[in-house]
Amino acid sequence: MITLKKIIFPAIFVLLLSACSTENNQQDEQTEQNEEEATEVFSRQAEVIAPNLNVPWNINKHDNTFYLSQRPGNIIKVDGTNGTKTEQNIEVTKDILQTGEGGFLGFILAPDFYKSREAYAYHTYEQQGEVLNRIIVLKLNQNTWTEERILLEGIPGGRIHNGGRIKIGPDGKLYATAGDAGNADNAQNLETLAGKILRMNLNGTIPADNPFEDSYVYSYGHRNPQGLAWDTDGTFYSSEHGQTAHDEINLIEPGRNYGWPVIEGDETAPGMVSPIYQTGDTTWAPSGIAIKDRKIYVSNLRGEQIRIFNLNDNSVSTFFENAGRMRDVLIEGDTLYTITNNRDGRGTPRKGDDKLIKIAIEE
């Protein structure tokens, strides 16, 4: 099978040639034609399941149906067979605040979704002039998700560094990433939930075996962790945004201090953990991650790729590119699903953005 990056360059080359036309009307017509050709080439290698999304943030799949959270504050249900989209409303007791990097972020279906119709969600809100984040349980009734229970409120938020990824670990606990909310000092302060990875029971209570007594904090010293995943042996990994490049992949262990803002990149300090990989002077802006066969698939926002970090030899390779900002990845068998975020205010929207994309994983 020909890889995407090998076959899409001719389409882009044609686009560049068309820009040299001296006739404006011919240029416009040729550009439109080449956009269609590029889209066709793209879709043959990486199937677009659903276009025209609005900043999708999290991918869920139940049977052959997708449920995508969108940052402005709704869920998009997508039929995996024909791509039919249904917008589902969200009813919460505290309005979803879309500001900067905040909004309706992490969203995962409950393990018993087929009978409970419940899901867990992480969203930004405002209270008495303060930007905060909360974790709640939603229940689906027809095409409306209604808040059922509050698990945790008051997680510091802001225009930047809200974290927002939630996952259920192999231990059956709910994990959530909380950014430093733009205040680096939060990350080292165990009295605040900002700059942490949090862990709770599915009913919102604090697990008795958490590393800090009566605290949701599982690990600290984080700047803006965005991805969570476990290998088949239960080893826990997270992706994290660095300050200027130096993005990280961390091996997460309970109670450990991951150094921000005291250390970053390859720097070391007593009692602090350096990443197993950092990007040096290259910016990935890593978001959602998934693991298959000892390989971590990392969606890159600024880097506009899906990269693979191989846990066996610490090598890095490119899996997918040329679609723009990548927000999340989901792996099912030999198929990877991903979403673009070119409409998030930092990208350049293309025809049909944003998209839910299906890609075969080839070994």
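That block above? That's the structure.
Residues numbered from 1 in each chain as written. Predicted model: local features only at pLDDT ≥ 70, side-chain atom pairs only at ≥ 80, totals over all residues. Heavy atoms only, no water.

1. A closer look at the pattern of salt bridges
Phase 1: The full count for this structure, using the stated rule, is 15 salt bridges.
Phase 2: Ionic pairing is found between E118 and R149, a salt bridge with its closest N-O pair at 3.1 Å. Note that E118 is positioned in strand β7 (residues 118–127) and R149 in strand β9 (residues 144–156), a separation of 31 residues in sequence.
Phase 3: A salt bridge links D231 to R294; the shortest N-O distance between them is 3.0 Å. Within this pair, whereas D231 is found in the loop between β14 (225–230) and β15 (236–240), its partner R294 is found in the loop between β18 (286–292) and β19 (295–300), the two being separated by 63 residues in sequence.
Phase 4: Residue class for D231 comes out buried when judged on its relative accessible area of 8%.
Phase 5: One network of salt bridges, with partners in common, ties together K94, R134, E147 and E153. (Salt bridge = Lys/Arg side-chain N within 4 Å of Asp/Glu carboxyl O. Helix = DSSP H or I, 4+ residues; strand = E, 2+ residues; numbered from the N terminus. Buried < 20%, exposed > 50% of the residue type's maximum accessible area, 1.4 Å probe, protein only.)

2. Examining the nonpolar core
Phase 1: Of all hydrophobic cores here, the largest spans 21 residues; its most connected members are Y120, Y122, I135, L152, I155, L174 and L198.
Phase 2: Secondary structure elements with two or more residues in this core: β6 (104–109), β7, β8 (130–141), β9, β11 (174–178), β12 (196–200) and β13 (217–220).
Phase 3: I155 has contacts with Y122, L132, N133, I135, A178, L193 and L198, leaving out every residue within four places of it along the chain.
Phase 4: Listed in part, the 15 residues of the second largest apolar core include Y67, V92, L109 and I136. (Core = buried A, V, L, I, M, F, W, Y, C linked by side-chain atoms within 4.5 Å. Contact = heavy atoms within 4.5 Å.)

3. Side note on unusual backbone geometry
Phase 1: Between W260 and P261 the backbone carries a cis peptide bond, its omega angle lying at 0°.
Phase 2: Position of P261 relative to the elements: it lies in the loop between β16 (248–252) and β17 (277–278).
Phase 3: Look at the link from D353 to D354: it is a cis peptide, with omega at -10°.
Phase 4: Relative to the elements of secondary structure, D354 occurs in the loop between β23 (335–340) and β24 (356–360).
Phase 5: At H161, a residue that is not glycine, the phi angle is positive and equals roughly 60°.
Phase 6: Here H161 is to be found in the loop between β9 and β10 (166–168).
Phase 7: We note that H246 has phi near 50°; this positive angle belongs to a residue other than glycine.

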